[in-house]
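Spelled out from the first residue to the last, the chains are:
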Amino acid sequence: MLRYLVVLSRPRFWLYLAGPILVGAAYGAQSLEAALSPTVGLLFVYFLVPANVYLYGINDVFDTDTDQHNPKKGSQEARYRGQRLVPGVVLATGIFLIPVAAVLPPETWGYLLLWAVLATTYSAPPLRFKARPYLDSLSNGLYVLPGFAAYTALAGTHPPVAAILGAWAWAMAMHTFSAIPDIEPDRAAELETTATHLGEHGAFWYCGLLWTGAAFAFGTLDWRLGVALGTYPVLLWLVVRSDVPVGRAYWWYPAVNAVVGGVLTIGGLWRLVYG
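Residues numbered from 1 in each chain as written. Predicted model: local features only at pLDDT ≥ 70, side-chain atom pairs only at ≥ 80, totals over all residues. Heavy atoms only, no water.

So, the overall build of the protein
When you go through the protein residue by residue, the secondary structure sums to 17 helices and zero strands. For 275 residues, the compact-globule estimate of 2.2 N^0.38 gives 19 Å, and the C-alpha radius of gyration of the protein, at 18 Å, lies within 12% of that figure. Across its three principal directions, the C-alpha atoms of the protein cover 55 × 45 × 30 Å. Looking at the protein residue by residue over its 275 residues, the buried ones come to 53%. For the protein, the proportion of contacts with a sequence separation of at least 24, taken over those separated by at least 6, is 75%. For the protein, the computed accessible surface area is about 13000 Å², with 68% contributed by carbon and sulfur atoms. When the 16 positive and 16 negative side-chain charges of the protein are each reduced to one mean point, those points stand 5 Å apart. (Helix = DSSP H or I, 4+ residues; strand = E, 2+ residues; numbered from the N terminus. Rg over C-alpha atoms; globule rule 2.2 N^0.38 Å. Buried < 20%, exposed > 50% of the residue type's maximum accessible area, 1.4 Å probe, protein only. Contact = heavy atoms within 4.5 Å. Areas by Shrake-Rupley, 256 points an atom, 1.4 Å probe, with all protein chains shown as cover. Lys, Arg positive; Asp, Glu negative; His and termini not counted. Charge placed at Lys NZ, Arg CZ, Asp CG, Glu CD.)

Next comes the structure, spelled out in structure tokens:
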């Protein structure tokens, strides 16, 4: 069961939730000591594993019917088969966010509450955003909310609007790009998503526009941030122009995101050390 829960939590994607915390902390902190504080450590640990168990556990429990059409299930990802213990563990990891939030500044609670709401309603009925074109994409800004909480906890103020919009656009594009390989399985399951609505060609354009917008938004804060985020539309163009199947390219992105996130984090920490 433990092995199943680890696979369910998608270890390849753990940094998708935890990584933004490092970026947010690097730019929200006023000193290196603050960036390495227990507050950051607590947020990082929770969003590295328990939050992923909650997010993907809800997804798997409510996707039992549609997942039978998805070839990723049972190979790269776990397939939920009605194990009784799983819903209880998933619920417990969600509830654990309450004591985590209790030791954080109240200014962060809105971000954490919104994360919990979106993480739940993305998969769970009656809203089930994942089956609503464009709302599925929009709701996936949930991935950057932990980063906003980390920034706010250390800075004592909210992130710049440009950073919020840019990060949200990045997450929307990342979600839709990840859904492109699932277009045919989702259509077979009669699951409507942004990707199935637009088709592969349209989804590529959608992701490209969002990633370009994200690069522009961050570029208004610092041109170097814009260059780092500019990696995404360029890489997308290379994928489209190449013979590499998008289903294969999709699995490169955990590494791509780790590298870009690492560059952003180092840049923020460099500011603290060298001014």
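A few points about the layout of surface pockets
Taken as a whole, the largest pocket encloses approximately 1000 Å³ of empty space. Residue lining of the largest pocket: 40 residues in total, with Val 23, Tyr 27, Leu 225, Leu 264 and Thr 265 positioned closest to the centre. Elements that contribute at least two residues to the lining of the largest pocket include exactly helix H2 (14-28), helix H10 (145-155), helix H11 (161-179), helix H14 (223-229) and helix H17 (253-274). The leading source of residues in the lining of the largest pocket is H17, at twelve residues. (1 Å grid on protein atoms, 1.4 Å probe; cavity = no way out; pocket = protein on both sides within 12 Å on 5 of 7 lines; lining within 4 Å. Points joined across faces, edges and corners; volume = space filled by probe spheres on them.)

Here we look at the packing of aromatic side chains
In this structure the tally under the stated criterion is 17 aromatic pairs. With 5.1 Å between their ring centres and 90° between their planes, Phe 47 and Trp 115 make a pair best called edge-to-face. With Phe 47 in helix H4 (residues 38-48) and Trp 115 in helix H8 (residues 109-121), this residue pair connects regions lying 68 residues apart in the sequence. For Phe 47, a relative accessible area of 0% gives the class buried. In this structure Trp 115 comes out as buried when scored by relative accessible area, which is 1%. Judged by centre distance (4.7 Å) and plane angle (50°), the ring pair of Phe 177 and Tyr 253 falls under tilted. With Phe 177 in helix H11 and Tyr 253 in helix H17, this residue pair connects regions lying 76 residues apart in the sequence. We note that Phe 177, like Tyr 253, is buried. Through a chain of ring-to-ring contacts, three or more aromatic side chains come together here, namely Phe 13, Tyr 16, Tyr 143, Tyr 250 and Trp 251. (Phe/Tyr/Trp six-rings, centres within 6.5 Å; stacked < 30°, edge-to-face > 60°.)

Structural notes on the nonpolar core
The biggest cluster of nonpolar side chains holds 79 residues, and the ones touching the most others in it are Phe 47, Trp 115, Trp 170, Phe 177, Trp 211 and Tyr 253. The biggest single contributor to this core is H11, with eleven residues. Those residues in contact with Trp 170 that sit more than four places away from it in its chain are Val 144, Trp 211, Ala 214, Leu 229, Tyr 232 and Asn 257. (Core = buried A, V, L, I, M, F, W, Y, C linked by side-chain atoms within 4.5 Å.)

Description of a nonpolar patch on the surface
Taken together, Leu 32, Leu 36, Trp 270, Val 273 and Tyr 274 make up a surface patch of nonpolar side chains, about 580 Å² in accessible area. On the secondary structure map, Leu 32 appears in helix H3 (residues 32-35). In this structure Leu 32 comes out as partly exposed when scored by relative accessible area, which is 33%. (Patch = residues over 30% accessible without salt bridge, like charges linked within 9 Å, V, L, I, M, F, W, Y side chains within 5 Å. Salt bridge = Lys/Arg side-chain N within 4 Å of Asp/Glu carboxyl O.)

Comments concerning the side chain of Thr 176
Structurally, Thr 176 can be placed in helix H11. For Thr 176, a relative accessible area of 1% puts it in the buried group. Not counting residues up to four positions away in its chain, the partners in contact with Thr 176 are Ser 137, Thr 194, Ala 195, Ala 203, Tyr 206 and Cys 207.

Points about the packing of H4 against H10
Two elements in contact, H4 and H10, have axes separated by 10 Å at closest approach and are oriented at 170°. If you check the angle between H4 and H10, you find them roughly antiparallel. Residue-level inspection shows Thr 39, Val 40, Leu 43 and Phe 47 of H4 in contact with H10, the latter providing Pro 146, Ala 149, Ala 150, Ala 153 and Leu 154. Per-class residue counts for the contact of H4 with H10 are eight nonpolar, one polar and no charged. (Axes fitted to C-alpha atoms, helices over the stretch in contact; angles between N-to-C directions. Parallel < 35°, antiparallel > 145°, perpendicular 65-115°, else oblique. Nonpolar A, V, L, I, M, F, W, Y, C, P; charged D, E, K, R; others polar.)

Points about H8
For H8, which comprises 13 residues, the first-to-last C-alpha distance of 18 Å matches the rise-based estimate of 18 Å (1.5 Å per residue) to within 8%. Within H8 the residues assigned to the buried category are Tyr 111, Leu 112, Trp 115, Leu 118, Ala 119 and Thr 121. (Expected span 1.5 Å × (residues − 1).)

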